[in-house]
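Architecture and fold: a report
What follows is the residue order along each chain.
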Amino acid sequence: MSSSRILKWVSGGLEAVLAIPVLGASIIIGLFWLPLVVMLVLHIVTLILTKKDGGKTTGSVLGIITSCLGWIPVVGWIMHILSAIFLMINAAEPDKEAKEAQ
């Protein structure tokens, strides 16, 4: 499994935690929106590694958008859910280079 797929699983799981209504809001607000900055960096790193590995970038791009809009209450919640879903779907699919090696 490539490092980009591992990061997709990790970032997808973290997005899923942030999508839990009261818990996610408590984490984000309690830490003064720092988790959104950390997730933004994580999504950018994941995007770079995914491009290098030839994987799908949909989840990472959506995660970057989510990190920028996550401070808006209902919009952030919906975006965290969508990001988690797309990241986990992308993580479940093998990268292009892995397919070619088989």
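Going by the structure above, here's the rest.
We now turn to the structure provided with this report. Everything numeric here is computed off the predicted structure, so don't read it as measured data.

Turning our attention to the side chain of threonine 66. Relative to the helices and strands, threonine 66 resides in helix α4 (residues 58–69). Side-chain polar atoms of threonine 66 contact the backbone oxygen of methionine 79, separated by 3.3 Å. Leaving out residues up to four positions away in the same chain, threonine 66 has contacts with Glu15, Met79, His80 and Ser83.

Below, the discussion takes up helix α5 (residues 73–92). Spanning 20 residues, α5 covers 29 Å between terminal C-alpha atoms, matching the ideal 28 Å at 1.5 Å per step. Of the residues making up α5, those classed as buried are Gly76, Met79, His80, Ser83, Ala84, Leu87, Asn90 and Ala91. Along α5, the residues classed as buried sweep out an arc of 140 degrees about the axis, all on the same side.

Moving on: a nonpolar patch on the surface. Together, Val74, Trp77, Ile78, Ile81, Leu82, Ile85, Phe86 and Ile89 make up a nonpolar patch on the protein surface, roughly 660 Å² of accessible area in all. Mapped onto the elements of the fold, valine 74 is located in helix α5. The exposure class assigned to valine 74 is exposed, which follows from its relative accessible area of 54%.

To continue, consider the layout of surface pockets. Its volume calculated, the largest pocket comes out at about 250 Å³. In terms of lining residues, the largest pocket is bounded by 15 residues, among which Pro21, Ala25, Gly70, Pro73 and Trp77 are the most central. Those elements that provide at least two residues to the lining of the largest pocket are α2 (21–30) and α5. Among the elements that take part in the lining of the largest pocket, α2 stands out by supplying five residues, more than any other. For the lining of the largest pocket, a count of residues per class yields 11 nonpolar, four polar and no charged.

Attention now goes to the nonpolar core. Counting residues in hydrophobic clusters, the biggest one holds six residues: Leu7, Leu18, Ile28, Leu36, Met39 and Leu42. For this core, the secondary-structure elements that each account for two or more residues are α1 (3–18) and α3 (34–53). If you tally residues by element for this core, the top one is α3, at three residues. Those residues in contact with methionine 39 that sit more than four places away from it in its chain are Ser11, Leu14, Glu15, Leu18 and Ser67.

Mapped onto the elements of the fold, serine 11 is located in helix α1. For serine 11 and tryptophan 33, which are 22 residues apart along the polypeptide, the C-alpha to C-alpha distance reads 17 Å. Of note is the side chain of serine 11, whose polar atom sits 3.3 Å from the backbone oxygen of lysine 8.

The rules we used
Residues numbered from 1 in each chain as written. Predicted model: local features only at pLDDT ≥ 70, side-chain atom pairs only at ≥ 80, totals over all residues. Heavy atoms only, no water. Helix = DSSP H or I, 4+ residues; strand = E, 2+ residues; numbered from the N terminus. Polar contact = N/O pair within 3.5 Å; in protein donor to acceptor, adjacent residues only side chain to side chain. Contact = heavy atoms within 4.5 Å. Expected span 1.5 Å × (residues − 1). Buried < 20%, exposed > 50% of the residue type's maximum accessible area, 1.4 Å probe, protein only. Arc of directions from axis to C-beta. Patch = residues over 30% accessible without salt bridge, like charges linked within 9 Å, V, L, I, M, F, W, Y side chains within 5 Å. Areas by Shrake-Rupley, 256 points an atom, 1.4 Å probe, with all protein chains shown as cover. Salt bridge = Lys/Arg side-chain N within 4 Å of Asp/Glu carboxyl O. 1 Å grid on protein atoms, 1.4 Å probe; cavity = no way out; pocket = protein on both sides within 12 Å on 5 of 7 lines; lining within 4 Å. Points joined across faces, edges and corners; volume = space filled by probe spheres on them. Nonpolar A, V, L, I, M, F, W, Y, C, P; charged D, E, K, R; others polar. Core = buried A, V, L, I, M, F, W, Y, C linked by side-chain atoms within 4.5 Å.

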